[in-house]
Amino acid sequence: IRFTDASGYRYDLWRVAVREFLEHPLDGLGAGNYDTEYYQLRNNPQYVIQPHSLELQMAAELGVGGVIALLLFVGGIVWAAAAREGTLASGDRMVKVAATGMFVAWLAHTSVDWLYDIPGLTGMAMVSAALLVLPARRQRAGVTRTRRGMALLAFGLVVLAALAGAVGRQYIAQHYQTSGAAQVARSPQQAITTLQKARSLDPYSLTTLYSLAAAYARLDDYADARRTLLAAAAREPSNYVPPALLGDLAVRRGDLTVARAAYARALALNPRDPMLEAD
């Protein structure tokens, strides 16, 4: 049904991804950057951040390297699924059939939709993949931990700790961003304090900058609101939202000349937005 549903825009999303890959074949657009060129290339009204295809997203965002990495990942799992011995699943036919079926079903659906963004589904697929590739346990007498093994274990723990710290930092930044956004309407000064904490933890979050600009605007601090939105525009020059918000801010101040220029910039980045055309 995904290939024949005339009510969707999937083919256009794929077309944009292919074009992005052809224009950036080696390094891609960068992880999570599919939509940086999507709004200028699209022929549909949909607002999306991924092309509804795992393979095409890897190609558009990570280039040839991403495609090769995905092929190696999937190929290794398929090879393990076909192995008759040596893996944990090869000793139990029912486990192998179930694990293979779950992974293949996930891969098929993520090839034509965005289900890979659903943690529960992807988590089940990864558990299935682990069952297929995990080596069978071998009983060996007198196994001792060598210095090399201990060093590798320590290195692995350090890497896990670093990853946990990075994720924790993002989580705390998101917490401050959500709290600050909720404070904008009732207490903009308090919102600014909270959002500045979020910004210090994650300076790349445009959502934080949007909320911070809104808090400044609530206090009629036009200079800081505009400065914040200009920082957002500099962070992602291909994003149409910062210039659109700069236009709204200029309208609120009554500077229609600046507003028209900002809206023109936003429209150039997103030419199919009817609201920008109206402005």
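Each remark here, short or long, concerns the structure printed above.
The shown structure was predicted, so the numbers you read here are calculated from the model rather than taken from an experiment.

Colleague: Help me understand the side chain of Asp113, please; the structure alone is not making it clear to me.
Modeller: The residue Asp113 is located in the loop between α4 (93–110) and α5 (119–133) in this model. In terms of polar contacts, Asp113 uses its side chain to reach the side chain of Trp114, at 3.4 Å.

Colleague: Before we go on, may I ask you to explain unusual backbone geometry in this structure?
Modeller: The phi torsion of most residues other than glycine is negative, and most of the peptide bonds are trans. Of note, His52 is a non-glycine position whose phi angle comes to about 60°, a positive value. The topology assignment puts His52 in the loop between α2 (35–41) and α3 (54–82). Phi is positive for Asp220, close to 60°, though the residue is something other than glycine. By the secondary structure assignment, Asp220 is in the loop between α8 (206–218) and α9 (222–235).

Colleague: Would you take a moment to explain the pattern of salt bridges for this structure?
Modeller: Side-chain pairs of opposite charge can arise whenever the charged atoms involved come near each other. What the rule picks out here adds up to five salt bridges. Linking Arg15 and Asp12 is a salt bridge whose minimum nitrogen-to-oxygen distance equals 2.8 Å. Linking Arg15 with Asp12, this pair stays in helix α1 (residues 10–23), spanning three residues, or about one helical turn. Asp220 is the salt-bridge partner of Arg252, the closest N and O atoms lying 3.6 Å from each other.

Colleague: Explain the nonpolar core to me, please; I cannot follow it from the model alone.
Modeller: Most often, soluble globular proteins keep nonpolar side chains buried together rather than apart. Grouped together as the largest cluster of nonpolar side chains are 32 residues, with contacts concentrated most on Tyr34, Tyr38, Leu249 and Leu276. Elements with a minimum of two residues in this core: α1, α2, α7 (188–201), α8, α9, α10 (241–253) and α11 (256–269). Contact partners of Tyr34, with chain neighbours within four places excluded, come to Leu13, Val16, Ala17, Glu20, Leu29, Val48, Ile49, Gln50, Pro51, Ala60 and Glu61.

Colleague: Explain α9 to me, please; I cannot follow it from the model alone.
Modeller: The α-helix advances 3.6 residues per turn, and as a result positions three or four apart in sequence lie on the same side. Along its 14 residues, α9 runs 20 Å from first to last C-alpha, staying within 8% of the 20 Å computed at 1.5 Å per residue. For α9, every residue scored as buried is listed here: Tyr222, Ala225, Thr228, Leu229 and Ala232. The buried side chains of α9 occupy one side of the element, clustering within an arc of 135° when seen end-on. Of the exposed residues in α9, those oriented more than 90 degrees away from the buried face are Arg227 and Ala234. Where α9 is buried, its residues contact α8 and α10.

Colleague: When you look at the packing of aromatic side chains in this model, what are you seeing that I'm missing?
Modeller: The way to describe two aromatic rings as a pair is by their centre distance and the angle between their planes. Applying the stated rule across the entire model yields eight aromatic pairs. Ring centres of Tyr38 and Tyr39 lie 5.0 Å apart, and the angle between their planes is 70°; on these two criteria the pair is classed as edge-to-face. Classification of Tyr38 by relative accessible area gives buried; the value is 0%. Here a set of aromatic residues connected by ring pairs shows up, and it is made of Tyr34, Tyr38, Tyr39, Tyr47 and Tyr240. We note Arg42 situated over the ring of Tyr47; from NZ or CZ to the ring centre the distance is 4.6 Å.

Colleague: Honestly, the environment of Thr110 in this entry has me stumped. Any pointers?
Modeller: In this fold, Thr110 is placed in helix α4. Overall, Thr110 belongs to the buried group, its relative accessible area being 0%. For the pair Thr110 and Glu55, spaced 55 residues apart in the sequence, the C-alpha separation amounts to 8.3 Å. Beyond its immediate chain neighbours, meaning those up to four positions away, Thr110 contacts Ser53, Leu54, Glu55, Leu115 and Tyr116. One polar contact links the side chain of Thr110 to the main-chain carbonyl oxygen of Leu107, over a distance of 3.0 Å.

Analysis parameters
Residues numbered from 1 in each chain as written. Predicted model: local features only at pLDDT ≥ 70, side-chain atom pairs only at ≥ 80, totals over all residues. Heavy atoms only, no water. Helix = DSSP H or I, 4+ residues; strand = E, 2+ residues; numbered from the N terminus. Polar contact = N/O pair within 3.5 Å; in protein donor to acceptor, adjacent residues only side chain to side chain. Salt bridge = Lys/Arg side-chain N within 4 Å of Asp/Glu carboxyl O. Core = buried A, V, L, I, M, F, W, Y, C linked by side-chain atoms within 4.5 Å. Buried < 20%, exposed > 50% of the residue type's maximum accessible area, 1.4 Å probe, protein only. Contact = heavy atoms within 4.5 Å. Expected span 1.5 Å × (residues − 1). Arc of directions from axis to C-beta. Phe/Tyr/Trp six-rings, centres within 6.5 Å; stacked < 30°, edge-to-face > 60°. Lys NZ or Arg CZ within 6 Å of the ring centre and 35° of its normal.

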